[in-house]
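An overview of the molecular structure
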Amino acid sequence: MLNQREILAALERRISVGSGFALLAVRVCDLRDVAIRHGAQRGEQAEADAERLIRESLRPVDEAFRAGDELFAVILPDLPARNHALLAATRLFKSFERPLRGDGVPWQGRLRIGAAFFPQDGGDADTLWRRAQMAKQHAARRGEPCGFYEVRESRIDIDYDELRESIESNRLRAYFQPLWDLRARRIVGVESLARWTTARQEIVPPDQFVPFAEQSDLIVALTHWSINATFRHAAALGKSDLGIAINLSARAVARGGVTEQLRDALSIWGIAPTSVIAEFTETALVEDFDRTVRTLRQLRDLGMRVAIDDFGTGYASLMYLSRFPATDLKIDKTLIEPIGLDARAARLAESIIQLAHRLDMTTTAEGIADANTDRLLMEMGCDYGQGFHLGAPQPADKFIERFCAETVG
Ligand code: C2E
Ligand code: CA
Ligand code: CA
């Protein structure tokens, strides 16, 4: 597509800055119609007029791009709050209120706007741009001029055969998100997160296809894919000493064979077991307690670390905490996100950190989305951290390329 690459590059630049921004997909309806009725030259003029109107209603820090047929992309950085994107949209609507004369027939563009936000609605350029466009389409379907992206809009029907085919033909991709040592201020590991792009080019987040796979036998193939894709990339990291965290579904553990799969993959890819962190969600752990504890012990005996994931969201009683042979506790983002605003939430997080330390576990805080949260957790003695503020998930090969360039250079 026309300027797609330019838009994605601009988004990636913004994402690498790390602070939040809004992305608008702006459709100027009837632009095509001008060209059809009055000729290509008049159409080109109308498009240029539309672009000028958009630019004039923006702030100097904002960026605007032609994105193709009747479509423009607008990046709005440094917004004090989500609703300020609505103010920008209102300014855009206003500037299109009067008909444009130019040198020919008067013409008036009608706008349809969709908004997506970094980092809430997606950690990478492609996802954000798709979601802004989805928000626009959904607004149109509701008969509204403007809409924000909502999570439920992304729900798609998952097709069993398509997912199976995608796993078998390696159409899934591993993304790596950095894990930081909060005191030493350096990257000490990565968490591997799966992404699936369907044949229709929809990006399905793991929250949707992992539970789907768990309900069928596909979880076996998915776990196999996930272990091998993660270790294949990890092998490219060489002797970097980075920890490699991998999410293991409890359903996969319940079906057996995970320990063997991990052991085989470690030897195929030449990965030291001591660099692997196997993550299990807290809820999953209690489903089949004895069997899970046995598996965790086997992984520990192989030399791996074992993390309790999403701590604070499940139903595990604290008693379980002392009985799981876990080495790491990952505190869920819902407990971390409010600590900058809510003193009681902060005391709760601090107490969990102390509790984990008393049980000889290291702590990782998830969902660190700003510098203040980062600082508070460091002061509380939290060991590791992960979140959009420290680094969003990115394609594993891209992460490795950058990481190696930075550590060598
Ligand atoms: P998780 O293990 O809790 O992974 C962390 C999730 O939080 C990721 O979502 C990540 O993109 C997101 N995240 C990272 N930083 C922030 C932040 O600052 N704020 C917020 N609000 N979120 C942040 P993602 O990639 O969509 O993964 C969702 C879940 O899917 C994961 O949750 C994990 O349980 C599961 N999953 C992902 N990949 C795999 C896989 O290969 N196998 C299995 N079994 N499960 C997977
Ligand atoms: Ca995890
Ligand atoms: Ca988690």
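Here's a quick rundown of the structure. (Residues numbered from 1 in each chain as written. Chains lettered and ligands numbered in written order. Predicted model: local features only at pLDDT ≥ 70, side-chain atom pairs only at ≥ 80, totals over all residues. Heavy atoms only, no water.)

**Remarks on the coordination of the calcium ion (ligand 2)**
Here is the rule we go by: For Na, K and Ca the donor cut-off is 3.2 Å; for every other metal, N, O and S atoms count as donors within 2.8 Å. Water does not enter the count, which can leave sites looking incomplete. Helical segments are the DSSP runs of H or I of at least four residues, strand segments are the runs of E of at least two, and each set is numbered from the N terminus. The buried label applies to any residue whose accessible area, calculated with a 1.4 Å probe on protein chains only, is under 20% of its type's maximum; exposed applies above 50%, and partly exposed to all values in between.
Taken together, the protein ligands of the calcium ion (ligand 2) are Glu-191 (OE), Asn-247 (OD1), Glu-279 (OE) and Asp-309 (OD), with distances of 2.1 to 2.3 Å. Counting along the primary sequence, the residues that act as donors to the calcium ion (ligand 2) give the motif E-x55-N-x31-E-x29-D. In this model, the calcium ion (ligand 2) sits 3.9 Å from the calcium ion (ligand 3), the two metals being bridged by Asp-309. A residue pair is termed long-range when its members are at least 10 positions apart, and Glu-279 in strand β10 (residues 276–281) and Asp-309 in strand β11 (residues 305–311) qualify at 30 residues. Residue Glu-279 shares its accessibility class with Asp-309, and that shared class is buried.

**Let's talk about the site of ligand 1**
The following threshold applies: For this purpose, a residue is taken to be near a molecule or strand whenever a single non-hydrogen atom of the residue falls within 4 Å of it. Think of a polar contact as two N or O atoms within 3.5 Å of one another; within protein, one of them needs to be a possible hydrogen donor and the other a possible acceptor, and neighboring residues in sequence only count if both atoms come from side chains. For the area figures, the Shrake-Rupley method with a 1.4 Å probe applies, and any residue is considered shielded solely by the protein chains shown. Lys, Arg, Asp and Glu make up the charged group, whereas Ala, Val, Leu, Ile, Met, Phe, Trp, Tyr, Cys and Pro make up the nonpolar group; the residues left over, Gly among them, are polar.
In the vicinity of ligand 1 there are 21 residues, among which Gln-177, Arg-195, Asp-309, Lys-333 and Phe-388 approach most closely. Within the side chain of Gln-177, an N or O atom sits 2.9 Å from a nitrogen atom of ligand 1. The side chain of Asp-310 places a nitrogen or oxygen atom 3.2 Å from an oxygen atom of ligand 1. Protein chains bury 85% of the 810 Å² of accessible surface belonging to ligand 1 in isolation. Elements represented by at least two residues in the shell around ligand 1 include exactly β7 (186–197), α7 (206–214) and β11. In terms of residue count, the dominant contributor to the shell around ligand 1 is β7 (four residues). Here the shell around ligand 1 is built from residues that sort into seven nonpolar, six polar and eight charged.

**Some points on the pattern of salt bridges**
Our working definition: Salt bridge, as used here, is a side-chain nitrogen of Lys or Arg placed within 4 Å of a carboxyl oxygen of Asp or Glu.
The tally for this structure, following the rule as stated, stands at 23 salt bridges. Across the pair Asp-161 and Arg-164 runs a salt bridge whose closest N-O atoms are separated by 3.3 Å. Within this pair, Asp-161 and its partner Arg-164 are both found in helix α6 (residues 160–168), separated by three residues, close to a single helical turn. According to the relative accessible area criterion, Asp-161 is partly exposed, its value standing at 44%. Put simply, Arg-164 and Glu-168 hold a salt bridge, and the shortest N to O gap is 3.5 Å. A residue pair is termed a helical-turn pair when its members lie 3 or 4 positions apart in one helix, as Arg-164 and Glu-168 do in helix α6 at four residues. The exposure class assigned to Arg-164 is partly exposed, which follows from its relative accessible area of 30%. Assessed through its relative accessible area of 57%, Glu-168 is described here as exposed. It is possible to trace a salt-bridge network through shared partners that takes in Glu-44, Glu-47, Glu-51, Arg-55 and Arg-66.

**Thoughts on the packing of aromatic side chains**
As a reminder of what qualifies: The rule is short: rings of Phe, Tyr and Trp, with Trp giving its six-membered ring, pair when the centres are within 6.5 Å, and they are stacked under 30 degrees, edge-to-face over 60, tilted in between.
Within this structure, the stated rule accounts for six aromatic pairs. Plain terms: the ring middles of Phe-399 and Phe-403 are 5.7 Å apart, the flat faces sit at 15 degrees to each other, and that makes the pair stacked. With a gap of four residues between them, Phe-399 and Phe-403 both fall in helix α17 (residues 396–408), about one helical turn apart. Across this residue pair, the class does not change: Phe-399 and Phe-403 are buried. Within the aromatic cluster, the residues linked to one another by ring pairs are Phe-21, Phe-118 and Phe-388.

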